[in-house]
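Structural overview for review
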Amino acid sequence: MEASLTARDRVGIQDFVLLDAYTSETAFLDNLRKRFHENLIYTYIGTLLVSLNPYKELDIYSKKQMDTYMGVNFFELPPHIYALADNVFRTMMSEFNNHFILISGESGAGKTEACKKILHFYAVSCPSTKILNNVRDRLLLSNPVLEAFGNAKTLKNDNSSRFGKYMDIQFDHQGGAVGGHILSYLLEKSRVVHQNHGERNFHIFYQLVDGGDEDLLRWLGLRRDCQHYNYLVQGDCAKVSSVNDRSDWRTVRKALSVVDFSESDVEHLFGIVASVLHLGNLKFEADTRGYAALHNSQEMHWLSKLLGIPAQVLQQGLTHRKIEAKTEEVFSPFSVDHAVYARDALAKAVYGRTFNWLVNKINESLANVDSSRKTVIGLLDIYGFEVFTVNSFEQFCINYCNEKLQQLFIQLTLKSEQAEYEMEGVEWEPVPYFNNKIICDLVEEKHRGIISLLDEECLRPGEATDFTLLEKMEEIIGGHPHFVTHKLADQKTRKSLARGDFRLLHYAGEVTYSVVGFLDKNNDLLYRNGKEVMQQSKNLIIKHCFPPSEPDQKKRPETVVTQFKSSLVGLIEILGTKEPWYVRCIKPNEAKEPGRFDDVLVRHQVKYLGLMEHLRVRRAGFAYRRKYEIFLQRYKPLCPDTWPNWKGTAAEGVQVLIKHLGYQPDEYKMGRTKIFIRHPRTLFATEDAFQVCKHKLATKIQAKYKGYRVKGDYQKQKEAATKIENCWRGLMARKEREKREWAVAIIKRFIKGFMTRNEPSGADNREYLSYVRHSYLTRLRENLPKTLLHKDLWLTPPPILKETSLFLKQLFIRHMVRKYVQGITEERKALVCYTHTRIHTRIHTCTHMQAAVIFHNFCLFAASVESADQFHVQREKRDVPVVKYDRNGFRPRPRQLVFTRDAAYLLDEGDLVLECDFLFEALTKLSAIVDKCDFIQVVQDSVRFDIQPGREGVVDFRSGQESVVYRAKNGHLTVVIIYLFFS
Ligand SMILES: Nc1ncnc2c1ncn2[C@@H]1O[C@H](COP(=O)(O)OP(=O)(O)OP(=O)(O)O)[C@@H](O)[C@H]1O
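Note that the coordinates shown come from a computational prediction; the quantities given were computed from them, not determined experimentally. (Residues numbered from 1 in each chain as written. Predicted model: local features only at pLDDT ≥ 70, side-chain atom pairs only at ≥ 80, totals over all residues. Heavy atoms only, no water.)

Things to note about the overall build of the protein
Helix and strand counts for the protein come out as 36 helices and 26 strands. Residue burial in the protein is summarised as follows: out of 983 residues, 49% are buried. Residue pairs at least 24 apart in sequence account for 65% of intrachain contacts in the protein once pairs closer than 6 positions are excluded. (Helix = DSSP H or I, 4+ residues; strand = E, 2+ residues; numbered from the N terminus. Buried < 20%, exposed > 50% of the residue type's maximum accessible area, 1.4 Å probe, protein only. Contact = heavy atoms within 4.5 Å.)

Given below as structure tokens:
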């Protein structure tokens, strides 16, 4: 409710308790009308729910709506029948006590619909198991059965309940619906034999005739034609557009099997329904003596068959009354009128008792088999106050019932108000209200009450009539302030009262009753032999309804009003032990039209439902009361000390808050757990202040929330990033470790391979050797000698590749030679060829003498010459390779002849080096060719030359066993063996 305080101007106030002008009927109506036009059919008076019949389907009863209301605080959502049902259920579950919901209102106001909505809510919201679903189905399906037998079309309502109904739903400790029990009150039996124009008999008759299949109708001796039956045509409206008898018949048939009716039960039940129709068609004619005689042998045949009573017995029972004298029984014949009366009485009795049997049968099916502890919610769907133009015995009973319920309401409400004040420690303030006990007493007081007087008149011997009853009432209760008759009334009032009327001033308003028919209806006489006839029935239901040992047969049966009074006492006892909840239904217009709000009609009902009275009681003390926690939670933003959080107790918080708001001491009271606010205006002012502050707060909260969300997102992202980083690092560390392990294994293998490199290839060194091989070959490829002259610079092989290296070297030299030769130009070839030929030619002519002249003093010459022959031969075969050397790597060797431009630049690039084994011969030949004997100087000791300008070098020549060149300690280049230097 708090949530909707804001919308109060547009849609009215959701709780009448908050209506400032709570004593004004007009203000009350205004609020109802405002809400009704917004399709808001529910409004509270505290916890009482006022319900306006919308006469149209509203989308407020869906499963979604049920879910919305389930488990939500009563005042948090807009008023709804589901809110009430849920609140009752939750209170029952938390307090483990019994409750009842009293649904009242005039005919067509929506009581039965409200009852069904509550039942549906429980069917959906309660826990469900197979067994519970079974009970649930029975509870739900008992409705169409009861409606078929107990409802009828009236002028006010096409589906009017013609009985009061109290239904207990039993719940186990977990909230599952485990059983149910139904009590019915005051079925309008007279409808069986008589209907006003525009009204119908009970639905079941039309359903059977219209919907029953051919075989069934044939078996029951019925025609498919309602017009054929006297009991169905008096209202002249057997067909109603809003009622589909055929489909309702199917529903009822199905429901009967769900609520445990056996085939035989169903057979007997419809046998009785058909019997009532046959009874209605019985016609009496006066015989010659003026006594009633029966002629419809056809109807009698079917009656006899369906009720299982011999036709003669039936006939006798319907046309004679049994009179018991002292020693014998005498049958006195009926007049036609008496016979008709007896027939109708029998029809009413049969139907009425069958209805009771039906209720009992349903109760058997709903009975809770488990005797464990259970709590109960009762639904009382009972007629509201009835005020017609002509009010009769029925209205008297109904209005009496409402007086009793109002009594109960006052007791329970005031009791609970008082209990609440006491519990809260708030001083009890007496509530000014009208106590209707005085009217209840007027009706039910022993010996003096209307009921007593009525019964007395019914039972007393002599000529008692409705008018003698009226006189008696005038005599005994004539002075009562709530009773008036034509005779007792003042001049002004008398005009509105007929002679046979009496008026009661009920708590809800005055009602004028016509005394005509009171005695008859109260007697509801079924002649004794009518009962005895029925006791012979073979129909099991009739047998059950008319037991042979009916208590005290000889005593007069209890009158209707006494029975009703006793059942009401029973009902009040049942209700008195339970917590009350109320639904008051209001009919907005007589035309059953949606959207039409008839002020006069509604005002009338507001009055007769006692809503103003109810509101007065509720408002007697304080208009508003709430738990401190709830109040503080809503209004704490209005005080800087309580916003955003109050650290102390809720009660202290509320105290601080209302001090800040400037509440005056007489405006409120602080209870133990609740704050009580006397006037709605105090609350509304607080609410208005809250609305103003709410918008500012909303902006703040929104900003905070956004910040919080962003922060939250950032925090989440950060956490995620840290997680990813950790994972990544872990992964990398794992990889690094694996890499290292792998490297260590490789290095280990390498070292082991190195250590065993000279051993034969095996597991330990296979890899290493392969690496060595690969490495050597790679390096070799990159360091191959560039020319033939550098062939000795061949890369030293590892031991395992010595052989391979040698082989490769030979291959390479051969390859180089081939390349060199291929690279010699034709010109050069010619030159080399010429030189060779000249050397070759001249060498033969070279004499030993010439050589001796040139090298006469050279010690090695002789040795060389000695081998001259051999030299000759070999010389002819050999080529003389000419090789270019680079400066750095070259050391002249014996048998090499270097042609250089300048001795100072020995072995400059471009010098020609001639290598030959027969050096002396070659030089002799050269000297012969140039024809200069002094061309060759043999230097024995040492020779000086310029290494570079200004820097002098010395070469010392020495003979020795082995030809060696080295740098001596004195820095001179020392050449051992034969060395010839020429320039
Ligand atoms: N909440 C509702 N929503 C829609 N229609 C409704 C509602 N309540 C009642 N009605 C309509 O009003 C009709 C009469 O309602 P209902 O039978 O419940 O009245 P009642 O008070 O039980 O009358 P009676 O005392 O004659 O049995 C329903 O058949 C239905 O058409």
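The discussion continues.
Some details on the site of the ligand
In the neighbourhood of the ligand, 17 residues make up the surrounding shell, with Ser107, Lys111, Thr112, Ser160 and Ser161 lying closest. At 2.6 Å from an oxygen atom of the ligand is found a side-chain nitrogen or oxygen belonging to Lys111. When the free accessible area of the ligand is taken as 620 Å², the share hidden by the protein chains comes to 86%. At the level of secondary structure, the elements contributing two or more residues to the shell around the ligand comprise helix 5 (111-125) and strand 5 (160-161). A total of three residues in the shell around the ligand trace back to one element, the largest contributor, which is helix 5. Here the shell around the ligand is composed, by residue class, of four nonpolar, nine polar and four charged. (Near = heavy atom within 4 Å. Polar contact = N/O pair within 3.5 Å; in protein donor to acceptor, adjacent residues only side chain to side chain. Areas by Shrake-Rupley, 256 points an atom, 1.4 Å probe, with all protein chains shown as cover. Nonpolar A, V, L, I, M, F, W, Y, C, P; charged D, E, K, R; others polar.)

Re the sheet that holds strand 17 (residues 624-627)
The pairing of strands in a sheet happens through backbone hydrogen bonds and is either parallel or antiparallel. If you trace the three strands from one edge of the open sheet to the other, you get 17-19-18, paired in antiparallel fashion. Each having just a single partner strand, strand 17 and strand 18 (668-670) make up the two edges of the open sheet. Averaged over all pairs of adjacent strands, the angle between their axes in this sheet comes to 15°, without regard to strand direction. In this sheet, strand 19 (residues 674-677) lies alongside strand 17 in antiparallel orientation, the contact comprising four bridges. Across the sheet, the residue bridging to Arg625 is Phe676, located in strand 19. Here helix 27 (residues 628-635) sits on the sheet and contacts strand 17, strand 18 and strand 19; the angle it forms with strand 17, its principal contact strand, is near 95°. Helix-sheet contacts for helix 28 (residues 650-661) involve strand 18 and strand 19, and the interaxial angle to strand 18 is about 155°. (Pairing = 2+ DSSP bridges. Axes fitted to C-alpha atoms, helices over the stretch in contact; angles between N-to-C directions.)

With respect to the UniProt feature "binding site: ATP" (unreviewed entry) in the protein
Those residues carrying the UniProt feature "binding site: ATP" (unreviewed entry) are Gly105, Glu106, Ser107, Gly108, Ala109, Gly110, Lys111 and Thr112 in this numbering. One can find Ser107 in the loop between strand 3 (99-105) and helix 5. Judged by its relative accessible area of 9%, Ser107 is buried. Ignoring anything within four residues of it in the chain, the contact list for Ser107 reads Thr154, Lys156, Asn157, Ser160, Arg162 and Lys587. At 3.3 Å, the side chain of Ser107 and the side chain of Ser160 are in polar contact. Here Ala109 is to be found in the loop between strand 3 and helix 5. The class for Ala109 is buried, based on a relative accessible area of 1%. (UniProt positions renumbered as here; feature names shortened; annotations may be inferred.)

Focus: the packing of helix 11 (residues 245-258) against helix 12 (residues 263-280)
In the contact formed by helix 11 and helix 12, the axes pass within 10 Å of each other and the chain directions differ by 135°. Comparing the axis directions of helix 11 and helix 12 gives the class oblique. Contacts between helix 11 and helix 12 involve Trp249, Arg253 and Leu256 from the former and Glu263, Val266, Leu269 and Phe270 from the latter. Residues of the contact of helix 11 with helix 12, tallied by class, amount to five nonpolar, no polar and two charged. (Parallel < 35°, antiparallel > 145°, perpendicular 65-115°, else oblique.)

Section: the environment of Leu48
With respect to the helices, strands and loops of the structure, Leu48 is situated in strand 2 (residues 48-52). Leu48 gets classed as buried once you look at its relative accessible area, which sits at 1%. Residues Leu48 and Arg584 lie 536 residues apart in sequence; the distance between their C-alpha atoms is 7.6 Å. Those residues in contact with Leu48 that sit more than four places away from it in its chain are Thr43, Tyr582, Arg584, Leu611 and His614.

Some words on the nonpolar core
The biggest cluster of nonpolar side chains holds 206 residues, and the ones touching the most others in it are Ile101, Tyr122, Phe149, Phe502 and Phe631. Considering every element that reaches this core, the biggest residue donor is helix 15 (residues 336-366), with 13 residues. The two domains that each donate at least three residues to this core are domain 1 (399-517 + 538-552) and domain 2 (625-698). Look past the residues within four positions of Phe149 in its chain and what remains in contact with it is Phe202, Ile204, Leu269, Phe270, Val273, Tyr351, Phe355 and Leu358. Formed by seven residues, the second largest nonpolar core is a distinct cluster that contains Tyr776, Leu780, Leu795 and Leu801. (Core = buried A, V, L, I, M, F, W, Y, C linked by side-chain atoms within 4.5 Å. Domains from an automatic or database assignment.)

Some remarks on helix 18 (residues 450-459)
Given 3.6 residues per turn, any residue in an α-helix points the same way as the ones three and four places further on. By the criterion of burial, helix 18 is predominantly enclosed, with eight of the ten residues buried. Buried within helix 18 we find Ile450, Ile451, Ser452, Leu453, Leu454, Asp455, Glu457 and Cys458. Packed against the buried residues of helix 18 are helix 16 (393-424), helix 17 (437-444), helix 19 (466-477), strand 14 (501-506), helix 21 (518-523) and helix 24 (560-576).

So, unusual backbone geometry
A cis amide bond links Trp643 to the next residue, Pro644, at an omega of 0°. Structurally, Pro644 is set in the loop between helix 27 and helix 28. Of note in this structure, Asp236 is not a glycine but carries a positive phi near 55°. By secondary structure assignment, the location of Asp236 is in the loop between helix 10 (230-233) and helix 11. Even without being glycine, Lys592 reaches a positive phi, approximately 60°. Mapped onto the elements, Lys592 comes out in the loop between strand 16 (579-586) and helix 25 (599-608). Residue Lys592 is classed as partly exposed on the basis of its relative accessible area, which comes to 28%.

Comments concerning the packing of aromatic side chains
In this structure the tally under the stated criterion is 33 aromatic pairs. An angle of 65° between the planes, with centres 5.2 Å apart, marks the rings of Phe750 and Tyr771 as edge-to-face. With Phe750 in helix 29 (residues 680-755) and Tyr771 in helix 30 (residues 766-782), this pair connects stretches of sequence that are 21 residues apart. Accessibility expressed as a relative area gives 36% for Phe750, which makes it partly exposed. Following the ring pairs from residue to residue traces out a cluster consisting of Tyr61, Tyr82, Phe89, Phe121, Tyr122 and Phe171. Over the face of the ring belonging to Tyr61 we find Lys117, whose NZ or CZ atom lies 4.2 Å from the ring centre. In this arrangement the basic side chain of Arg757 is found over the ring face of Phe754, its NZ or CZ atom lying 4.0 Å from the centre. (Phe/Tyr/Trp six-rings, centres within 6.5 Å; stacked < 30°, edge-to-face > 60°. Lys NZ or Arg CZ within 6 Å of the ring centre and 35° of its normal.)

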